[in-house]
Amino acid sequence: MPPSDRSDIRVGLAGFGPAGSFFHAPLIAATPGLRLAAVVTRDPARAERVRAEYPGADVVPAVDDLWDRCDLVVIATPNRTHVPLATEALKAGLPVVVDKPLAGAAAQARDLAGLARDRGLMLTVFQNRRWDGDFLTLRRLLPELGEVHRFESRFERWRPVPKGGWRESGGPEEIGGTLYDLGSHLVDQALRLFGPVFQVYAETDVRRAGVRNDDDAFVALTHRSGTRSHLWMSAVAANLGPRFRVLGSHASYVKWGLDPQEERLREGERPDAADFGLGRSPGPSSGPSSGPSSGTGRSSGTGIGWGAEPSERWGTLGAEGQGRPVPTEPGAYQRFYEGVVACLRDGAPPPVEPDDAAEAIAVLEAAALSAARGQVITLSDRER
């Protein structure tokens, strides 16, 4: 889109499952400069939901129905379709947002990035966890921690009964399992904090009956900077560990609990226009959201700004016996699509570079190989 064009950017959303309906559509609708113009779904119930919640959007049965209806394509379909659909969209001359993981292999991700560069089009990846409040807080606190020796990060859940679907029951071609799902976020965050990785060790397991893909995994990374990252991801954690435990030469940072934005989006909320991009912090007595927004598309009026956490959920900074609570930065998933608008209108860099996504996928590939072989994998110079 030329920088002089200030009309709304028409967005075509491919997929209205959990990723499309809970994350992409609400954030697109909340972003100034974007207009959800069309949604691809063949499911009658989902189609009715689109018409009810986004009455200005067309419902179409196929991705190629988007080409003449939009200026930007967002791909929120099953993982195995990310590469072919992104390729089609780029060849049709359209910029693309792809939900994570961008691809199942780093080589595929690099090829997509190269195609986008050759065509002069934006390609970016929805690594929304870069805008988790706890991650933003940790980035701010790094100088106070000193030299970070060990970074522990967890996305753990307790789901003893499988939900079903391709993520759990599909074959390898589906690119399912917790390693590529939650691991895509954990690895991306570790790389952003501590830089390139040169050694990877991993353990992956299938713990639940009827599940084909890994539902319990551990990944150890050795960064070229010297930091070691230990990453846990699980659907069978009956007792959850801390979200972050970061050990530095001067202090530690320990944080429990997940960022509240996903929960609020699933409850039907979206960033309120009054809070959009402002990063407001809650008062000390503010509590979590009590329920959905009754379809208003606005925050539920709990007295807590979008993405902010109440004080009882703040992490602690310090050494043993001397820790102090640190306010959590308000999370801001809306910044991703705000960055998309800035890229398309003003020529700013994309909010997530596709080469960053390829780097993370190279680490995930090495982790899968390590788990299969039971050995440490050293990344080649090309993968660093």
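Whatever comes next refers back to the structure up there.
Residues numbered from 1 in each chain as written. Predicted model: local features only at pLDDT ≥ 70, side-chain atom pairs only at ≥ 80, totals over all residues. Heavy atoms only, no water.

A.B. asks: Teacher, can you tell me more about the overall build of the protein here?
C.D. replies: Helix and strand counts for the protein come out as 10 helices and 15 strands. Taking all 384 residues of the protein together, the buried fraction comes to 57%. When contacts within the protein are restricted to residue pairs at least 6 apart in sequence, long-range pairs at least 24 apart make up 72% of them. A total of about 16,000 Å² of accessible surface is found on the protein, and carbon and sulfur atoms cover 48% of it. (Helix = DSSP H or I, 4+ residues; strand = E, 2+ residues; numbered from the N terminus. Buried < 20%, exposed > 50% of the residue type's maximum accessible area, 1.4 Å probe, protein only. Contact = heavy atoms within 4.5 Å. Areas by Shrake-Rupley, 256 points an atom, 1.4 Å probe, with all protein chains shown as cover.)

A.B. asks: I tried to follow the sheet that holds strand 5 (residues 96-99) on my own but got confused; where do I start?
C.D. replies: Strands in a sheet are paired, the pairing made by backbone hydrogen bonds, and the direction either parallel or antiparallel. Spatially, the 6 strands line up as an open sheet ordered 3-2-1-4-5-6, and their pairing is parallel. Two strands in the sheet have a free side with no partner beyond their single neighbour: strand 3 (58-60) and strand 6 (123-126). Within the sheet, the average angular offset between the axes of one strand and its neighbour, ignoring direction, is 25°. Helix 9 (residues 334-346) contacts strand 1 (9-14), strand 2 (34-40), strand 4 (72-75), strand 5 and strand 6 of the sheet and is inclined by roughly 175° relative to strand 6. (Pairing = 2+ DSSP bridges. Axes fitted to C-alpha atoms, helices over the stretch in contact; angles between N-to-C directions.)

A.B. asks: So what exactly am I meant to see when it comes to helix 3 (residues 82-91) here?
C.D. replies: What sets the pattern is the α-helix's 3.6 residues per turn: residues three or four places apart point alike. A large share of helix 3 lies buried, amounting to 7 of its 10 residues. The set of residues buried in helix 3 consists of His 82, Val 83, Leu 85, Ala 86, Thr 87, Ala 89 and Leu 90. Buried-residue contacts for helix 3 involve strand 4, strand 5 and helix 4 (106-119). Downstream of helix 3 by one or two residues, Gly 93 has phi in the positive range, about 90°.

A.B. asks: Explain the pairing of strand 6 to me, please; I cannot follow it from the model alone.
C.D. replies: Along a regular strand, successive side chains alternate from one face of the sheet to the other. Burial along strand 6 is two-sided: Leu 123 and Val 125 and Thr 124 and Phe 126, pointing in opposite directions, are all buried. Looking at chain direction, strand 5 and strand 6 are connected through 4 bridges and run parallel. Counted as the bridge partner of Val 96 is Leu 123 from strand 6. Taken together, strand 5, helix 4 and strand 6 form a β-α-β motif whose crossover is right-handed. (Right-handed = clockwise from strand over helix to strand, strands pointing away.)

A.B. asks: Can you walk me through the packing of aromatic side chains in this structure?
C.D. replies: In this description, a pair of aromatic rings is defined by centroid distance and the angle of the planes. Per the counting criterion, the structure on display carries 9 aromatic pairs. The interplanar angle of 85° and the centroid separation of 6.4 Å between the aromatic rings of Phe 16 and Tyr 54 together place this pair among those described as edge-to-face. Of this pair, Phe 16 sits in the loop between strand 1 and helix 1 (18-30) while Tyr 54 is found in the loop between helix 2 (44-53) and strand 3, placing the two residues 38 residues apart along the sequence. Each member of the pair, Phe 16 together with Tyr 54, is buried. Note that Arg 154 overlies the ring of Trp 232, its terminal NZ or CZ placed 3.9 Å from the centroid. Across the ring face of Phe 244, the terminal group of Arg 243 is positioned such that the distance to the ring centre comes to 4.2 Å. (Phe/Tyr/Trp six-rings, centres within 6.5 Å; stacked < 30°, edge-to-face > 60°. Lys NZ or Arg CZ within 6 Å of the ring centre and 35° of its normal.)

A.B. asks: What's the story with unusual backbone geometry in this structure? I'm lost.
C.D. replies: In the segment running from Lys 100 into Pro 101, the intervening peptide bond is cis, with an omega of -10°. Within the fold, Pro 101 resides in the loop between strand 5 and helix 4. Positive phi, normally seen in glycine, also occurs at Ile 175, with a value near 55°. Along the polypeptide, Ile 175 turns up in the loop between helix 6 (166-169) and helix 7 (178-194).

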